[in-house]
Amino acid sequence: MNDIVSETLKKWRQTSFVWGSDDCLLSLADYLVDCGYDDFGAIFRGTYNDETGAKNHVLNWGGEINLISSTGLQSCSEIERGDIVLTVINSNITGLCTGDNIAFRTERGVVEIGKKYLNIIHAWKVNPCHQ
């Protein structure tokens, strides 16, 4: 399947993870821009260079739920390809639903984990990106 989700995963696999420009949350911000949403990452892109700086920005916005919800995305309970999710793996992490899996951009590369193995804290419907 060649869609925005596939193109996003390809980009994530071909570029390095960099705090402040190409980290997990800013990569999802870029994905949403590709889907036609405003860039929620513009307010802090390039203003930090480590995990602590990223966490501080997210906390200043009241957490991932408030930050991502600021885009106008609606919460959902049925997670489909193209939707964004928030879960906990050591700490909060956001990811992209690829169908049966959730893809996460990490310092070690792209990791996909089956939805059924994750405790999804929150999910958002990304309508323009569904095929």
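Higher on the page you've got the structure.
The following paragraphs examine the structure supplied in this document. (Residues numbered from 1 in each chain as written. Predicted model: local features only at pLDDT ≥ 70, side-chain atom pairs only at ≥ 80, totals over all residues. Heavy atoms only, no water.)

Mapped onto the elements, Glu-107 comes out in the loop between strand 4 (101-106) and strand 5 (109-114). The class of Glu-107 is exposed, set by a relative accessible area of 57%. Between the C-alpha atom of Glu-107 and that of Ser-16, which follows or precedes it by 91 residues, the distance is 8.0 Å. Beyond its immediate sequence surroundings of up to four residues, Glu-107 is in contact with Phe-17 and Trp-19. A polar contact of 3.1 Å, which involves the side chain of Glu-107, links it to the side chain of Trp-19. (Helix = DSSP H or I, 4+ residues; strand = E, 2+ residues; numbered from the N terminus. Buried < 20%, exposed > 50% of the residue type's maximum accessible area, 1.4 Å probe, protein only. Contact = heavy atoms within 4.5 Å. Polar contact = N/O pair within 3.5 Å; in protein donor to acceptor, adjacent residues only side chain to side chain.)

Bringing the nonpolar core into the picture now. Of all hydrophobic cores here, the largest spans 28 residues; its most connected members are Tyr-31, Leu-32, Leu-73, Ile-84 and Val-126. Of all the elements in the fold, those that place two or more residues in this core are helix 1 (4-14), helix 2 (24-34), helix 3 (51-60), helix 4 (64-69) and strand 2 (84-89). Residue contributions to this core peak at 7 residues, all from helix 2. If you look at the next biggest cluster of nonpolar residues, it comprises 9 residues, including Cys-76, Ile-93, Ile-102 and Leu-118. (Core = buried A, V, L, I, M, F, W, Y, C linked by side-chain atoms within 4.5 Å.)

A few words now on the side chain of Asp-3. Its location among the elements puts Asp-3 in the segment before helix 1. Within the local environment of Asp-3, its side chain forms a polar contact with the backbone nitrogen of Val-5, the two atoms lying 3.2 Å apart. Within the local environment of Asp-3, its side chain forms a polar contact with the backbone nitrogen of Ser-6, the two atoms lying 2.8 Å apart.

One can expect most non-glycine residues to show negative phi and most peptide bonds to be in trans. Positive phi, normally seen in glycine, also occurs at Asn-90, with a value near 70°. As for its placement among the helices and strands, Asn-90 is situated in the loop between strand 2 and strand 3 (91-97). Its relative accessible area of 84% is what places Asn-90 among the exposed residues.

Strand pairing within a sheet occurs via backbone hydrogen bonds; the two strands may be parallel or antiparallel. What the 6 strands build is an open sheet, ordered 1-6-2-3-4-5; its pairing is antiparallel. Among the strands making up the open sheet, the edge pair consists of strand 1 (74-75) and strand 5. In the sheet, strand 2 pairs with strand 6 (residues 120-125) via 4 bridges, with the strands oriented antiparallel. Note that in strand 6 the partner of Thr-87 across the bridge is Ile-120. (Pairing = 2+ DSSP bridges.)

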